[in-house]
Amino acid sequence: MANVVDQDQQWLLNCLSATLDPNPEVRCFAEASLDQASRQPGFGSALSKVAANKELAVGLLLLKQLVKKHWQEGEDSFEPPVVSSDEKEIIRRMLLLALDDPHRKICTAVGMAVASIAVHDWPELWSDLLPFLLNLINNQTNSNGVYGAMRCLVLLSADLDDKMVPTLIPALFPSLLTIVSSPKVMLACLRRQPRKCWTDVKKYIIYYKVGDAA
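In what follows, the accompanying structure is described.

About the thresholds
Residues numbered from 1 in each chain as written. Predicted model: local features only at pLDDT ≥ 70, side-chain atom pairs only at ≥ 80, totals over all residues. Heavy atoms only, no water. Salt bridge = Lys/Arg side-chain N within 4 Å of Asp/Glu carboxyl O. Helix = DSSP H or I, 4+ residues; strand = E, 2+ residues; numbered from the N terminus. Buried < 20%, exposed > 50% of the residue type's maximum accessible area, 1.4 Å probe, protein only. Contact = heavy atoms within 4.5 Å. Expected span 1.5 Å × (residues − 1). Core = buried A, V, L, I, M, F, W, Y, C linked by side-chain atoms within 4.5 Å. Axes fitted to C-alpha atoms, helices over the stretch in contact; angles between N-to-C directions. Parallel < 35°, antiparallel > 145°, perpendicular 65-115°, else oblique. Nonpolar A, V, L, I, M, F, W, Y, C, P; charged D, E, K, R; others polar.

## A short note on the pattern of salt bridges
This model, assessed by the stated rule, comprises 3 salt bridges. Between Arg92 and Asp121 there is a salt bridge; the shortest N-O distance is 2.6 Å. With Arg92 in helix H5 (residues 85–97) and Asp121 in helix H6 (residues 104–121), this residue pair connects regions lying 29 residues apart in the sequence. Grouping residues by exposure puts Arg92 and Asp121 together as buried.

Here you go:
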């Protein structure tokens, strides 16, 4: 069934496409229109729906900028208005649905957006984030989901401080051990993921074992 696109979403898709236009006047007008729209309620959720429908990767870049500017009051980069709690919930939910995208660049962009939000919201305001990622990792029939979850976790750990990373390890270790113990799944991960991603995963396991032994 084709995705139903309302008038506002179609306008957004047209603007996003126009930012890639070779004509500089068209690009500038589209960028100015999107900048103005970013200050309106519902813009973030509209971008996340574009991401979930896997239509334009440029929407994910704008969504990451929106998180940086409008997500958390008190941050140096914050600009009013702040995204509402209801809209934040929609954005978080829609982003997770896009983590199994088969295209690496889009998957990485989704992971970056998730990580940028998790810095502020996890675990208190986003308690289902880690269970959702673990479910993707444990679903060995969905290699795209395994890749997306692993990539997201690597990006997430890079943005968290030293106090938050140990919280991830005990929950992650059983799932990571399953991947390592399954040659078929492990080969799929190694074939589809950047080397750095798997290197960081091995670091997680070593970190956990050392901490547990201490």
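Next comes the rest of the description.
## So, helix H3 (residues 43–52)
In terms of residue burial, H3 counts as a mostly covered element, since 8 of its 10 residues are buried. Among all positions of H3, only Phe43, Gly44, Ser45, Leu47, Ser48, Val50, Ala51 and Ala52 are buried. Looking at the buried side of H3, the elements it contacts are helix H1 (7–18), helix H2 (24–37), helix H4 (58–70) and H5.

## Regarding the environment of Ser84
Along the chain, the position of Ser84 falls in the loop between H4 and H5. Given a relative accessible area of 39%, Ser84 falls into the partly exposed group. Between the C-alpha atom of Ser84 and that of Gly44, which follows or precedes it by 40 residues, the distance is 9.8 Å.

## Overview of unusual backbone geometry
Of the consecutive residues Pro80 and Pro81, the connecting peptide bond is found in the cis state with omega at 5 degrees. By the secondary structure assignment, Pro81 is in the loop between H4 and H5. In this structure, Pro123 follows Trp122 across a cis peptide bond, with omega equal to 0 degrees. Note on placement: Pro123 falls in the loop between H6 and helix H7 (129–138).

## Some points on H4
If you check H4, its first and last C-alpha atoms are 18 Å apart, about what 13 residues at 1.5 Å a residue would give, namely 18 Å. Every buried residue of H4 is listed here: Val58, Gly59, Leu60, Leu62, Leu63, Leu66, Val67 and His70. In this fold, the buried residues of H4 make contact with H1, H2, H3, H5 and H6.

## Focus on the nonpolar core
With 48 residues, the main nonpolar core has Leu16, Leu95, Val110, Val114 and Leu129 as its most contacted residues. Ranked by residue count, the leading element in this core is H6, at 8 residues. Among all residues touching Val110, those that are not within four sequence positions of it are Leu60, Leu95, Ala98 and Leu99.

## A look at the packing of H1 against H3
In contact at an axis separation of 10 Å, H1 and H3 are set at 75 degrees when each is read in the N-to-C sense. Regarding the angle of H1 to H3, the classification is roughly perpendicular. Residues Gln9, Leu12, Leu13 and Leu16 of H1 touch H3, and the partners they reach there are Phe43, Ala46, Leu47, Lys49 and Val50. Within the contact of H1 with H3, the residues separate by chemical class into 7 nonpolar, 1 polar and 1 charged.

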